[in-house]
Amino acid sequence: MLELKNVHVHYGKIHALKGVSLEVREGEIVTIIGANGAGKSTTLKTISGLLRPTEGEIRYEGGPIHLVQPSDIVARGLCHTPEGRRIFPELTVHENLDMGAYLRKDKSGIEKDREHVYEMFPILAERREQHGGTLSGGEQQMLAIARSIMSKPRLLMLDEPSLGLAPIIVQQIFEVIARLNREEGLTILLVEQNASLALKTAHRGYVFETGTVLMSDEASSLAANEQVRAAYLGSD
Amino acid sequence: MADLLTPENLVNALSLGALYALIAVGYTMVYGIIKLINFAHGEIYMLGAFWALLVVGMEQATGINLFVAIVPAMLLCAAVGMTVDWSAYLSLRRRLPLADGLSIGGLTLLGVGAIFYKLTGDTTHAWYSEAAHGVFGWSIVALVPVVMLALSIGEKGGMLGRSLGRVSSDRLSALITAIGMSLILQTLAQLVWGADYRAFPQESIPAWMNEPSFHLGDAPVLGKELTMWVVALAMMAGLHLLVSRTKIGTAMRACSMDQETAALMGISVDRVIAFTFLIGSGMAAVAGVLYSVKVGGNISFRMGYYPGLLAFAAAVLGGIGNIRGAMLGGVLIGFLQGFTGGTFTIPFLVMILVLLVLPRGILGEPQATRA
């Protein structure tokens, strides 16, 4: 469904991605784990068109997308929920969801999906007229995911959905991620610092180190791998 | 002091308030999204009056009603506003390499200038009569690419760039470009239409506009004044509805908060910015036409300077980036000027005093923090 071939990205003089290749197949949850600065977020930003690769190719559903505008990538059903939630703070919950559905014209479909995400996150329904900036961190993360779902993606990219959230909220968020994949067939590319949780949720994983893919395998095998355990999973 | 509080001054203050509010929203909307003071906005206001003048007849009345002429004036100003954005500011936003930025910006401007110049036959008179001013204008215009060049080279590691730092050089080149755009448009208008002060032909102005529609105390309110108030109010209400209720309006607000995330939601940020220029320029055009009807004989390439400056002050006073603030600031500046016999000192003095107490302006809120 999504394929990166030898992708290089530079920020000025900094060589952020040094030949990353990875693949996401339909129906999968794939996770990218790795330390800060390994190039995880850069990879997502490059896929969604915010950054341009200096070399290499990105293909989505068969076609190259590495020269396509971010808005056209969203239109093709690939949505990126950025790190730090990035809710529009002075728009209401309702308006934030509307912005997720910005490119859609099917009014009744939008209405239906809005009701659907309100069912999925009842707290958002309660807060629908509240400004996004007044929500708690967990509520904002739910809104960020809900907003992306409003664009009707077939592939959803989530960047650090657990960042700065209490463990119980993180649990809830990951249950939702698993459910979106299981019940609605949404393919998910998940970037996560919390490697143990990510590997429990995902089918396959990639381990990034300083802009390269260090290893890739089934999530369960990575979770059992000595090297991964030592470097990313702590002692547990 | 008490003799300033006359009904005549009130009428004047209301008209000035309408004028500044109509222009100030354009400054504030653009600033809200791209954090740039579009100094060329006053020239858009000036061009609005000129486009309408061309339609109703510059030398000889064409018989077209002025109200009809407002429509093409708005459309043309919207086009100029978007061209200014596209030719000058877009390349800076994209941080295109020097060659791209200069060739897109510079060549477009030169092209537009050449077309302007060629299309209008008899420009020699204007050229000679104002040669001194023209040469002065062009020399400043020529400085703009030079400074941009210096700063761009600086960004790639030159001395100037290192000493200013990257962020300030970006901001600075945008600011200088905006001032350059203002001068370019002024100079073009002067080259094409000369330096004379002009007025709309009487035939184009409906008779009722110069007759009192009612009296405020003992001061007559002429039709043209009432028109200005009503139109300004209607446009402010329309703008408010557009920004608060429509999808494109919500997208404008989203872009003013977080452009990167807006792009990730599928919003084409450049198109939203173009739309912002379109709306702001259209409103400035209306202000240019209606105010020129009111005062009469003021249409010249210089006419945008002071209203532009005062409307900018209004936007800052109300809280730059805040649309309601710009409306409020416009009315306040209009009143301060209207009730002090048209001075420039008092409005600016009050603006400075208010900013000392409220540095973000009256309705400007502290920057929203991202949780």
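Residues numbered from 1 in each chain as written. Chains lettered and ligands numbered in written order. Predicted model: local features only at pLDDT ≥ 70, side-chain atom pairs only at ≥ 80, totals over all residues. Heavy atoms only, no water.

Draft legend 1. Looking closely at the confidence of the model for chain B. Residue and element names in this part refer to chain B. In this model, chain B carries an average pLDDT of 83, and 77% of its residues clear a pLDDT of 70 or more. Across residues 121-137 the pLDDT falls below 50, and counting only partners more than four positions away or on other chains, this stretch makes 16 contacts in the model. Counted against residues more than four places away or in other chains, residues 153-169, with its pLDDT under 50, gives 18 contacts. (pLDDT = per-residue confidence, 0-100. Contact = heavy atoms within 4.5 Å.)

Draft legend 2. View of the sheet that holds strand β9 (residues 204-209) of chain A. Residues and elements named next belong to chain A. Here we have 6 strands laid out as an open sheet, ordered β6-β7-β8-β3-β9-β10, and mixed in their pairing. Two strands close off the open sheet at either side, each with one partner strand: β6 (78-81) and β10 (212-218). Here the average twist between neighbouring strands, direction ignored, is 15 degrees. Here strand β3 (residues 29-34) runs beside strand β8 (residues 187-191); their pairing, made up of 4 bridges, is parallel. Bridge assignment links Val-30 to a residue of β8, and that residue is Leu-189. Relative to β6, helix α6 (residues 137-149) is tilted by about 165 degrees, and along the sheet it contacts β6 and β7 (155-159). Along the sheet, helix α7 (residues 167-184) makes contact with β3, β7 and β8, crossing β8 at roughly 150 degrees. (Pairing = 2+ DSSP bridges. Helix = DSSP H or I, 4+ residues; strand = E, 2+ residues; numbered from the N terminus. Axes fitted to C-alpha atoms, helices over the stretch in contact; angles between N-to-C directions.)

Draft legend 3. Representation of the side chain of Thr-46 of chain A. Residue and element names in this part refer to chain A. Structurally, the position occupied by Thr-46 is in helix α1 (residues 40-47). Accessibility expressed as a relative area gives 2% for Thr-46, which makes it buried. Excluding residues within four positions of it along the chain, Thr-46 makes contact with Val-7, Val-9, Leu-17, Leu-51, Pro-53 and Ile-58. (Buried < 20%, exposed > 50% of the residue type's maximum accessible area, 1.4 Å probe, protein only.)

Draft legend 4. Structural context of the interface of chain B and chain A. The interface is formed by 22 residues belonging to chain B together with 26 residues belonging to chain A. Buried area between chain B and chain A, both sides added, is near 2200 Å², and the carbon and sulfur share of it is 64%. Linking Arg-253 of chain B and Glu-95 of chain A is a salt bridge whose minimum nitrogen-to-oxygen distance equals 2.8 Å. There are 6 residue pairs in polar contact (both at pLDDT 80 or more) connecting chain B and chain A. Looking at the side of chain B that touches chain A, the element that brings in the most residues is helix α10 (residues 247-257) of chain B, giving 7 residues. Residues of the side of chain B that touches chain A, tallied by class, amount to 12 nonpolar, 5 polar and 5 charged. (Buried area = accessible area lost by both parts, 1.4 Å probe. Salt bridge = Lys/Arg side-chain N within 4 Å of Asp/Glu carboxyl O. Polar contact = N/O pair within 3.5 Å; in protein donor to acceptor, adjacent residues only side chain to side chain. Nonpolar A, V, L, I, M, F, W, Y, C, P; charged D, E, K, R; others polar.)

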